Amino acid sequence: MFFCKKKDNRAIAFVDYEYWYVSIKNRFSTKPDIKEWCASIRENYQMEGILFFANFLQGGLPEEISRIREVSCDIIETQCGNNSHFMKDMSDVVILDFLYRWAAKKKSPPTFILFTGDGHFSLPCAI
């Protein structure tokens, strides 16, 4: 009998949920289909985690936590301080920190999925 060694298809996903939620809501007056998106990446990868990042204390985002918990318990609050004018896009800084920490792990997955659409990662990802 012949056995083929399977390719390592482990992955981790970093989701800029704040941008995803606001974009879908503003453009299409609906909410992201979290379950379908997660199912599609789980079909192709052995997921070690799907991390959702956002300032969940603003807008309609507090209600989204229960929807996210249906697919992942990795919910990271990115609000910095109690001043709402402190810093825009803090989620990107927090995502980058988590991404680097995962990459530095000795047994990190070979595939990193960065799900964002605001363009802030376009330069680092192009290198």
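Bear in mind the structure is a predicted one, so any value in this text is a computation, not a measurement.

A few words on helix H4 (residues 90–104). With 15 residues, H4 should reach 21 Å at 1.5 Å per residue; the first-to-last C-alpha distance of 22 Å fits that figure. Residues Met-90, Ser-91, Asp-92, Val-94, Ile-95, Leu-99 and Trp-102 constitute the buried set of H4. Its buried side turned inward, H4 meets strand E1 (10–16), helix H1 (17–28), strand E2 (46–54), strand E3 (75–77) and strand E4 (111–115).

Most of E1 sits inside the fold, with 7 of its 7 residues counted as buried. The alternating pattern of E1 places Arg-10, Ile-12, Phe-14 and Asp-16 on one face and Ala-11, Ala-13 and Val-15 on the opposite face, and all of these are buried. In terms of strand pairing, E1 meets E2 through 7 bridges, oriented parallel. When the bridges of E2 are listed, Arg-10 appears paired with Gln-46. Where E1 meets E4, 5 bridges bridge the pair, whose relative direction is parallel. For Ala-11, the partnering residue across the bridge sits in E4 and is Thr-111.

Next up on the list: the pattern of salt bridges. Where charged atoms of side chains with opposite charge meet at close range, the side chains can pair. Evaluation of the coordinates by the stated rule reveals 6 salt bridges. A salt bridge links Lys-31 to Glu-64, with the shortest nitrogen-to-oxygen separation between them at 3.3 Å. In this pair, Lys-31 is assigned in the loop between H1 and helix H2 (34–44) and Glu-64 in helix H3 (residues 64–69), connecting sequence segments 33 residues apart. Among the residues examined, Lys-31 registers a relative accessible area of 41% and is labelled partly exposed. Note that Glu-70 is salt-bridged to Lys-35, the shortest N-O span being 2.8 Å. Of this pair, Glu-70 sits in the loop between H3 and E3 while Lys-35 is found in helix H2, placing the two residues 35 residues apart along the sequence. Overlapping salt bridges, with partners in common, bring together Asp-8, Arg-10 and Glu-48 in one network.

Let us look at H2. Taken as a whole, H2 has its buried residues at Ile-34, Trp-37, Cys-38 and Ile-41. Looking down the long axis of H2, one finds its buried residues gathered within 95° of arc, a one-sided arrangement. Across from the buried face of H2, at angles greater than 90 degrees, the exposed residues are Glu-36 and Glu-43. As for H2, its buried residues are in contact with E1, H1, E2, H3 and E4.

Conventions we followed
- Residues numbered from 1 in each chain as written.
- Predicted model: local features only at pLDDT ≥ 70, side-chain atom pairs only at ≥ 80, totals over all residues.
- Heavy atoms only, no water.
- Helix = DSSP H or I, 4+ residues; strand = E, 2+ residues; numbered from the N terminus.
- Expected span 1.5 Å × (residues − 1).
- Buried < 20%, exposed > 50% of the residue type's maximum accessible area, 1.4 Å probe, protein only.
- Contact = heavy atoms within 4.5 Å.
- Pairing = 2+ DSSP bridges.
- Salt bridge = Lys/Arg side-chain N within 4 Å of Asp/Glu carboxyl O.
- Arc of directions from axis to C-beta.

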